[in-house]
Amino acid sequence: MVAFGKRLKETQIQEWQGYYINYKLMKKKVKNYVQQIEVSEQSREYVLKDFSRILDKQIEKFVLFLLEQQGELARRLFILGQEHDVLVQQQDGSKLSELQQSYRDVGRELLQLLFFVEMNAIGVRKILKKFDKRCGYKFTNYYVKTRANHPYSQLRQIFKHVGVSAVVGTISRNLADLQDNKGNYTSIYDHPDLPLQDPIIGSINQAVDRLTNSTDFLHYLGKHALILPEELPTPSEDHAANERYHLMSLLLNLANAFLYMVNTYIIVPTADDYSMSLGAAATLCGAVIGSMAVAQVFSSVYFSAWSNKSYMKPLLFSSIVLLVGNTLYALAYDFNSIYFLLAGRLFCGLGSARAVNRRYITDCVPLHLRMKASAGFVSASALGMACGPAVACLLQTNFKFLNITFNQDTLPGWIMALAWFIYLLCVWTTFREPPMEEIEDVLLPKSNSGKIENGLMQKGITQPLLLSEEETKQDEDEDQDCDNSEESAEEIQKPVTSIVSAYKLLTPSVKVQLLIYFMLKYAMEILLAESSVVTTYYFIWSTSNVAVFLACLGLTVLPVNILVGSYLSNIFEERQVLLASEILVCLGIVLSFHVVIPYSVPQYVCSALITFVAAEVLEGVNLNLLSRVMSSRLSKGTYNGGLLSTEAGTLARVFADSTITLAGYWGMSRLLNVTLLPSLFICIFSIIATCFTYNSMY
């Protein structure tokens, strides 16, 4: 059988370089145009037409080469199809396996071709951006408007994938046919819902999605976990992931995420009452709720490091610490000790194993299930957020047993202590510790000697589009997010070893997105943590009313994400949704202030709903963007992307809860406005930062 699946050779890569959009040439043209415009204003129209013509020729060269390569792949698939027909009749298992590998190799080359398309698409974006910035007027608006919808536009071919879809369909169908070498073949047409097991298909689909910015609810929700995707794994690595996979262990991992979120929010409706019953001010609820977040800042790091060696032991330790923490929280009432109360919440924070939850999905779930598992992690967390206050609503009782008080303040602690005890037994008896062999990051073939880093391929075939280091220093106003992120292939294989190293990998746009994440978590924590105090002071709401209100807010999480993931993200650019959501959060905060007119329930409920829903939309879109542009080196190791986002959100909660406690010194009448002022300031600052980095975002 002819070996069609050879990886691209270096000579072939050199041939490809001639078909890239020549960024350096276009850059020189822009400089010349700037000089012409300074000399004569009348040359603007000439510059516009001339630059359009040159860019048209560059895009045409690339598109024609793309069509040629698609034709070559189609020819190879046609020949493989003929061999397929012959081998099916012979039932030769070894040759069928070789044929499978040949189809995968064609898929890898298609994936490489898609990376080639992506690099040229990024090149076009950079050229348009440079022209707009240097020449002082919006060439992008003119060029895209005149080329995007014209029937003969070559620009449309960059984002049009009819040929690619046909190739993917052929590879998918034949790999599905060859999945069972015994002859019981499964048709993708008879079973459209059958998941495609081969990772090459998933990688190709992800590459196509990056080009089209298309998404669906599952992928949108899954990216909220910020479990950064790896590139195409080798067959041995995919087999290793399947060896590690254990369904019950995954479910226990998701249950941990669910219970922890329940544990976080179950005390919110009663925290102020509990504080007052122990002789403290109602606003101490900020410290009670926030002490859990303070401890989580540290626990996230050591749990992330612990997950390098084990998954079961951190989960067991987490359960024990949370069991102790909730018991201390519940006993604080009978001991009449605010210190027991705070210590109990600190212990709960020290038991936060969310870093382990993320790491388990990254390392122990096969690629074709990883997005579903990530979406399950986010869904479990959202469900826990809604269930926490709902459970608190049901605990309206008061009795004593063995001189221990069980009431609406202490029952959340006892209920969660029981839940963690049961969970501890389940992990001890059911969880299967996966083998902890060191897993190396997966690289594409050497000819494609780099992985996608912040949306760019590195080394090898990427050089024509990227500026050299010297040029980058001379022209610092150019897409630093892209150019400065270039690393060697050897460096990409190594996870970062310190928080400082991780910080150095963050580009300006990523830092802004982490700031946005901090802002939205701050605003949400202010809203949720002080809800019981504010509603009791202004509206005399009972604990049940507060719990129902918070549960209803929590229940909006998944419907809102369905709306954004399935519809809005496919209609609008994510950057547009991001900015619009920030403005809505700001509007919700402004409407929450108590000024002049009496504070009413409709004002509070409407402003809270706007703030919370807009923040949820903002969180989803922001994390979706982060998952695309954050360094792939942050996908593994202790200091990974999930840890960084967790720390940013946790610090926001710490500052928000501290704000509530400190604001109590100004009195209950000023609490609302005093706590909202920092939220408003941070929100405005994040909007300004977003506007400055808007064009740099993916």
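Residues numbered from 1 in each chain as written. Predicted model: local features only at pLDDT ≥ 70, side-chain atom pairs only at ≥ 80, totals over all residues. Heavy atoms only, no water.

Trainee: Help me understand the overall build of the protein chain in this model?
Mentor: Scanning the protein chain from N- to C-terminus turns up 30 helices and 4 strands. Taken over 698 residues, the protein chain has a buried fraction of 56%. On the protein chain, roughly 29500 Å² of surface is accessible, and the fraction owed to carbon and sulfur atoms is 62%. (Helix = DSSP H or I, 4+ residues; strand = E, 2+ residues; numbered from the N terminus. Buried < 20%, exposed > 50% of the residue type's maximum accessible area, 1.4 Å probe, protein only. Areas by Shrake-Rupley, 256 points an atom, 1.4 Å probe, with all protein chains shown as cover.)

Trainee: What is the right way to look at the environment of Leu-411 in this model?
Mentor: Within the secondary structure, Leu-411 is located in helix 18 (residues 411–430). It is 8.2 Å that separates the C-alpha atoms of Leu-411 and Ala-392, two residues lying 19 residues apart in sequence. Here Leu-411 is in contact with Leu-395, Thr-397 and Phe-406, once residues within four sequence places are set aside. (Contact = heavy atoms within 4.5 Å.)

Trainee: Would you explain the packing of aromatic side chains in this entry?
Mentor: Any pair of aromatic rings gets described here by the distance separating the centres and the angle formed by the planes. In total, this model carries 24 aromatic pairs according to the counting rule given. Measuring from centroid to centroid gives 5.4 Å for Tyr-311 and Tyr-360, while their planes differ by 90 degrees, and the two rings are edge-to-face. You can see Tyr-311 sitting in the loop between helix 13 (285–306) and helix 14 (312–335) and its partner Tyr-360 sitting in helix 16 (residues 354–364), a full 49 residues away along the chain. An identical accessibility class is assigned to Tyr-311 and Tyr-360; each is buried. Aromatic side chains Tyr-538 and Tyr-599 sit 4.9 Å apart centroid to centroid with 55 degrees between the ring planes, which places their arrangement in the tilted category. Taken together, the residues span a long stretch of sequence, with Tyr-538 in helix 24 (residues 531–539) and Tyr-599 in the loop between helix 27 (574–592) and helix 28 (601–629) at a distance of 61 residues. Given a relative accessible area of 9%, Tyr-599 falls into the buried group. Here the aromatic cluster, defined as three or more aromatic residues joined through ring pairs, consists of Tyr-537, Tyr-538, Phe-539, Trp-541, Phe-549, Tyr-599 and Tyr-604. (Phe/Tyr/Trp six-rings, centres within 6.5 Å; stacked < 30°, edge-to-face > 60°.)

Trainee: When you look at the environment of Gln-70 in this model, what are you seeing that I'm missing?
Mentor: By the element assignment, Gln-70 lies in helix 3 (residues 44–90). When its relative accessible area of 14% is taken as the criterion, Gln-70 is described as buried. With 40 residues separating them along the chain, Gln-70 and Leu-110 place their C-alpha atoms 8.1 Å apart.

Trainee: I tried to follow helix 23 (residues 508–529) on my own but got confused; where do I start?
Mentor: Residues three or four positions apart in an α-helix share a direction because the helix packs 3.6 residues into each turn. Its 22 residues give helix 23 an end-to-end C-alpha distance of 31 Å, which sits within 8% of 32 Å, the value for a rise of 1.5 Å per residue. Counting buried residues along helix 23, 19 of its 22 residues qualify, which places the element largely inside the surrounding structure. (Expected span 1.5 Å × (residues − 1).)

Trainee: What is the right way to read the packing of helix 13 against helix 14 from this model?
Mentor: Two quantities define a packed helix pair, namely the angle between the helix axes and the distance between the axes. Two elements in contact, helix 13 and helix 14, have axes whose closest approach is 12 Å; the angle formed by their N-to-C orientations is 165 degrees. Classed by the angle they form, the pair helix 13 and helix 14 counts as roughly antiparallel. By crossing handedness, the relation of helix 13 to helix 14 is classed as right-handed. Contact with helix 13, carried on its side by Val-288, Tyr-302, Phe-303 and Trp-306, involves Lys-313, Pro-314, Phe-317, Ser-318 and Tyr-329 of helix 14 and no other residues of that element. (Axes fitted to C-alpha atoms, helices over the stretch in contact; angles between N-to-C directions. Parallel < 35°, antiparallel > 145°, perpendicular 65-115°, else oblique. Left-handed = near helix turned anticlockwise from the far one by under 90°.)

Trainee: Explain the pattern of salt bridges here, please?
Mentor: Close approach of charged atoms lets side chains of opposite charge pair. Tallied over the entire structure, the rule returns 7 salt bridges. Residues Lys-57 and Glu-60 are paired through a salt bridge, measuring 3.7 Å at the closest nitrogen-oxygen approach. One end of the pair, Lys-57, and the other, Glu-60, are both in helix 3, 3 residues apart, so they sit about a helical turn from each other. Overall, Lys-57 belongs to the exposed group, its relative accessible area being 51%. (Salt bridge = Lys/Arg side-chain N within 4 Å of Asp/Glu carboxyl O.)

Trainee: What am I meant to see in unusual backbone geometry here?
Mentor: Excluding glycine, residues mostly carry a negative phi; peptide bonds, for their part, are mostly trans. The backbone of Leu-402 shows a phi angle near 55 degrees, a positive value even though the residue is not glycine. Within the secondary structure layout, Leu-402 lies in the loop between strand 1 (399–401) and strand 2 (404–406). Note on Leu-402: relative accessible area 66%, which makes it exposed. With a phi close to 60 degrees, Asn-403 is a non-glycine residue in the positive phi region. Inspection of the secondary structure puts Asn-403 in the loop between strand 1 and strand 2. Judged by relative accessible area, Asn-403 falls into the exposed class, the value being 69%.

Trainee: Help me understand a positive patch on the surface in this model?
Mentor: Residues Lys-24, Lys-28, Lys-31 and Arg-134 make up a contiguous surface patch of positive charge. Relative to the helices and strands, Lys-31 is located in helix 2 (residues 23–39). By relative accessible area, which is 39% here, Lys-31 ends up partly exposed. (Patch = residues over 30% accessible without salt bridge, like charges linked within 9 Å, V, L, I, M, F, W, Y side chains within 5 Å. Lys, Arg positive; Asp, Glu negative; His and termini not counted. Charge placed at Lys NZ, Arg CZ, Asp CG, Glu CD.)

Trainee: Is there a simple way to explain the side chain of Ser-319 in this structure?
Mentor: Along the polypeptide, Ser-319 turns up in helix 14. Using a relative accessible area of 0% as the deciding quantity, one classes Ser-319 as buried. From its side chain, Ser-319 meets the backbone oxygen of Leu-315 in a polar contact 2.8 Å long. If we skip the residues at most four places from it in the chain, Ser-319 touches Trp-420, Tyr-423 and Leu-424. (Polar contact = N/O pair within 3.5 Å; in protein donor to acceptor, adjacent residues only side chain to side chain.)

Trainee: Sorry, what's going on with a nonpolar patch on the surface here?
Mentor: A contiguous nonpolar surface patch, about 370 Å² in accessible area, is contributed by Leu-418, Phe-421, Ile-422 and Leu-425. Assignment of secondary structure puts Leu-425 in helix 18. With a relative accessible area of 45%, Leu-425 lands in the partly exposed category.

Trainee: Is there a simple way to think about the packing of helix 11 (residues 247–265) against helix 18 in this case?
Mentor: In the contact formed by helix 11 and helix 18, the axes pass within 11 Å of each other and the chain directions differ by 165 degrees. Taken together, the axes of helix 11 and helix 18 are roughly antiparallel relative to one another. In the crossing of helix 11 with helix 18, the sense of the turn from one axis to the other is left-handed. Residues Met-248, Ser-249, Leu-252, Asn-253, Ala-255, Asn-256, Leu-259, Tyr-260, Val-262 and Asn-263 of helix 11 touch helix 18, and the partners they reach there are Met-416, Ala-419, Trp-420, Tyr-423, Cys-426, Val-427 and Thr-430.

Trainee: What is the right way to read the side chain of Glu-616 from this model?
Mentor: On the secondary structure map, Glu-616 appears in helix 28. The side chain of Glu-616 is buried and forms no salt bridge, while Lys-521, the nearest opposite charge, is found at 5.9 Å. Filtering out sequence-adjacent residues up to four positions away, Glu-616 remains in contact with Met-524, Val-557 and Asn-561.

Trainee: Got a minute to help me understand helix 24 in this structure?
Mentor: For helix 24, a buried count of 7 out of 9 residues is recorded, marking the element as mostly surrounded by other parts of the structure. Within helix 24 the residues assigned to the buried category are Ser-531, Ser-532, Val-533, Val-534, Thr-535, Tyr-538 and Phe-539. Along its buried surface, helix 24 packs onto helix 12 (271–277), helix 13, helix 23, helix 25 (543–555), helix 28 and helix 30 (668–693). Looking one or two places after helix 24, you find Ile-540, whose phi comes out positive at around 55 degrees.

Trainee: Which parts of the structure should I look at to understand the environment of Thr-170?
Mentor: By the secondary structure assignment, Thr-170 is in helix 7 (residues 162–177). Along the primary structure Thr-170 and Leu-77 are separated by 93 residues, whereas in three dimensions their C-alpha atoms are 7.6 Å apart.

Remember, this is a structural readout, not a statement about activity or role.
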